[in-house]
Amino acid sequence: MTGDLERNTKEQERIGQEIEALQEQLHALQHDHTVLVNMQQALGSANPATEADPATAPSVPHQASAEPKQSKPKKAAATSAKKTASKKPAAKAPSAKASTAATKPTLVDLIRGHLEQESEPRSAAEITTALTQAHPDRSVKTTVVRTTLEGLVAKSHAHRTKQGSSVFYTTTATSEPAAAEPQQEAVAG
C-alpha cells in the first residue's frame, strides 16, 4: 500500500510538471501570435483573417478551462489573455515600436532575473511590486507571478520556502551569482 501511494504521488507530480510545461508552451504561442498580429497591423496590412484572429485568441484560454482540475492555470490563462489584449493597441504604432515589443523579455525571464538579483527570499507580492515598478508598461498581476513562480519551482529553476502561512521564492542559481549578474544588467539596460 505504501508503494502504491508513493507511485501515485510520483505520477501526480510527473503529470503536473507536464501540464505546467504545456501551459508555458501555450502561453508562449499565444504571446507569439499576438506579437505577429500586432506587427502585421503595424505594417498596415488590413487582412480579414487578421481581424478574425483576435476573436479566436480568447477562445484558447476557454479551451484550457475545459479541464476540470486546472482552476489556478485557468485564471493565469485568462489574465494572460487580458494582458495580451492590452498590448494590442500599443503595437498599432510605427513599426519601430512593433519590433521593440517583439524583443521584450518574457515574464518568466523577468521573474528569474529579479530572483537572481535578490539575495533574500521574496514573496510573489514583493516580486510583482518590483516588476511593476521596473516595467510600468507591463500589466503584472500577483496571481500570474505566483503561477509563473510555481512553474519555475516545478522545473527546479526556483526554490519555495514557507514561513508560517507565507511562501517565499529564491533562485536555484545561488551558486553562480557572479555569472548571472552581468546578464541581468544587460537585460535591464
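Residues numbered from 1 in each chain as written. Predicted model: local features only at pLDDT ≥ 70, side-chain atom pairs only at ≥ 80, totals over all residues. Heavy atoms only, no water.

Draft legend 1. Region of the structure containing the overall build of the chain. Broken down by element type, the chain carries nine helices and two strands. Beginning at the N terminus, the succession of helices and strands in the chain can be written as α-α-α-α-α-α-α-α-β-β-α. Among the 189 residues that make up the chain, the fraction classed as buried is 25%. Sequence-distant contacts, at least 24 apart, represent 61% of the contacts inside the chain between residues at least 6 apart. (Helix = DSSP H or I, 4+ residues; strand = E, 2+ residues; numbered from the N terminus. Buried < 20%, exposed > 50% of the residue type's maximum accessible area, 1.4 Å probe, protein only. Contact = heavy atoms within 4.5 Å.)

Draft legend 2. Summary view of unusual backbone geometry. Despite not being glycine, Ser-156 shows a phi value in the positive range, around 60°. Mapped onto the fold, Ser-156 is located in the loop between α8 (142–154) and β1 (158–163).

Draft legend 3. Structural view of helix α1 (residues 2–42). Compared with the 60 Å implied by 1.5 Å per residue over 41 residues, the 60 Å span of α1 between its first and last C-alpha is a close match. Buried residues of α1: Glu-20, Gln-23, Gln-30, Thr-34, Val-35, Val-37, Asn-38 and Ala-42, and no others. Just past α1, the residue Gly-44 takes up positive phi, approximately 85°. (Expected span 1.5 Å × (residues − 1).)

Draft legend 4. Highlighting the pattern of salt bridges. Overall, the coordinates contain six salt bridges when judged by the stated rule. Its salt-bridge partner being Glu-11, residue Arg-14 comes within 2.4 Å of it at the nearest N-O pair. Taken as a pair, Arg-14 and Glu-11 lie in helix α1 at a separation of three residues, close to a single helical turn. We note a salt bridge from Lys-155 to Glu-24, for which the minimum N-O separation is 2.8 Å. Of this pair, Lys-155 sits in the loop between α8 and β1 while Glu-24 sits in helix α1, and the two are 131 residues apart along the sequence. The exposure class of Lys-155 is partly exposed, given its relative accessible area of 37%. (Salt bridge = Lys/Arg side-chain N within 4 Å of Asp/Glu carboxyl O.)

Draft legend 5. Structural detail: the nonpolar core. Counting residues in hydrophobic clusters, the biggest one holds 15 residues, and the most contacted among them are Leu-107, Ile-111, Leu-115, Ile-127, Leu-131, Val-145 and Leu-149. In terms of residue count, the dominant contributor to this core is α8 (five residues). Non-local contacts of Val-145, meaning those with residues more than four positions away in its chain, are made with Ile-111, Ala-124, Ile-127, Thr-128 and Val-140. (Core = buried A, V, L, I, M, F, W, Y, C linked by side-chain atoms within 4.5 Å.)

Draft legend 6. Molecular detail of the packing of helix α6 (residues 107–117) against helix α7 (residues 124–134). Look at α6 against α7: their axes get within 11 Å of each other, and the N-to-C directions meet at 110°. Taken together, the axes of α6 and α7 lie roughly perpendicular to each other. Counted together, Leu-107, Leu-110, Ile-111, His-114 and Leu-115 of α6 and Ile-127, Ala-130 and Leu-131 of α7 form the full contact between these two elements. In terms of residue class, the contact of α6 with α7 is built from seven nonpolar, one polar and no charged. (Axes fitted to C-alpha atoms, helices over the stretch in contact; angles between N-to-C directions. Parallel < 35°, antiparallel > 145°, perpendicular 65-115°, else oblique. Nonpolar A, V, L, I, M, F, W, Y, C, P; charged D, E, K, R; others polar.)

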